[in-house]
Every structure is written in C-alpha cells, then in structure tokens.
Amino acid sequence: MQVAYCGICGTDWHLFPDDRVRRVHLSQIIGHETSGVIAALSEGVESFRIGELVTVRPLDSCGHCPACLAGHRHICQNLKFLGIDTLAR
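All of these numbers come straight from a predicted model, not from anything done at the bench.

Caption draft 1: Fine view of the pairing of strand β2 (residues 33–37). Only one face of β2 is covered, namely the one carrying Thr34 and Gly36; the face carrying Glu33, Ser35 and Val37 has none of its residues buried. Pairing between strand β1 (residues 2–7) and β2: five bridges, direction antiparallel. Of the residues in β2, the one forming a bridge with cysteine 6 is threonine 34. The sheet contact formed by β2 and strand β3 (residues 53–55) spans three bridges and is antiparallel. In the sheet register, valine 37 faces β3, and the bridge partner there is leucine 53.

Caption draft 2: Geometry of the environment of alanine 40. Here alanine 40 is to be found in the loop between β2 and β3. Each C-alpha atom of the pair alanine 40 and isoleucine 50 lies 6.0 Å from the other, and the pair is 10 residues apart in sequence.

Caption draft 3: Quick look at the side chain of threonine 34. Within the secondary structure layout, threonine 34 lies in strand β2. Once residues within four sequence positions are removed from consideration, threonine 34 is found in contact with Met1, Val3, Tyr5, Cys6, Thr55 and Val56.

Caption draft 4: Inspection of the sheet that holds β3 at higher detail. Judged by pairing direction, the sheet is antiparallel, and its three strands sit side by side in the order β1-β2-β3 without closing on themselves. The sheet terminates laterally at β1 and β3, the two strands that pair on one side only. Each strand axis lies, on average, 20 degrees off the axis of its neighbour in the sheet, ignoring direction.

Caption draft 5: Quick look at a nonpolar patch on the surface. There is a patch of nonpolar side chains on the surface, built from Leu41, Val45, Phe48 and Ile50 and spanning about 330 Å² of accessible area. Relative to the helices and strands, leucine 41 is located in the loop between β2 and β3.

So, how was this worked out
- Residues numbered from 1 in each chain as written.
- Predicted model: local features only at pLDDT ≥ 70, side-chain atom pairs only at ≥ 80, totals over all residues.
- Heavy atoms only, no water.
- Buried < 20%, exposed > 50% of the residue type's maximum accessible area, 1.4 Å probe, protein only.
- Helix = DSSP H or I, 4+ residues; strand = E, 2+ residues; numbered from the N terminus.
- Pairing = 2+ DSSP bridges.
- Contact = heavy atoms within 4.5 Å.
- Axes fitted to C-alpha atoms, helices over the stretch in contact; angles between N-to-C directions.
- Patch = residues over 30% accessible without salt bridge, like charges linked within 9 Å, V, L, I, M, F, W, Y side chains within 5 Å.
- Areas by Shrake-Rupley, 256 points an atom, 1.4 Å probe, with all protein chains shown as cover.
- Salt bridge = Lys/Arg side-chain N within 4 Å of Asp/Glu carboxyl O.

As structure tokens, then:
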C-alpha cells in the first residue's frame, strides 16, 4: 500500500508521552490508522486491484473469545493493536 494519510488515534496519543507505558519501544512505529492506494500485489492475490483505495484495520482479535464468537471482533477480550502489541501479518 502506498500510504496517503496516517492518523494518530487516542491509543497512540495516550501511549507516547507516558514513560510508564511498556507497550511501545523505540523500534516500533505508532500510527496504525492509515489509508492509501494499492501500489503492488503479490502473486495470486485476486481480491484487490492496483489503484484501489484501501484502509488498514489495526486490530488483531483472537477469534475465540465470547465477543469474537458473537461477531464482535472489535471488542475482543484479547484485542491487540497492530504496531503496538503485535506485528502486521
């Protein structure tokens, strides 16, 4: 994805200035709310097209807790944020 915009969300805002927070380290890049255009595709990818406008869903839900099983993955009991708690896949 060729990034066009990147926002700073409330999570980023609260994590950055707080030296007590141990979730973010100097090697990490916060700012997981991005949008842009697909610039290239890996071989075999058919569900997207070059030039298509896209955004990133920065949440990594477990898929196994009661909230996920009920279809509410955005409020997963084990929710992790990409770029803060886990790497993008």
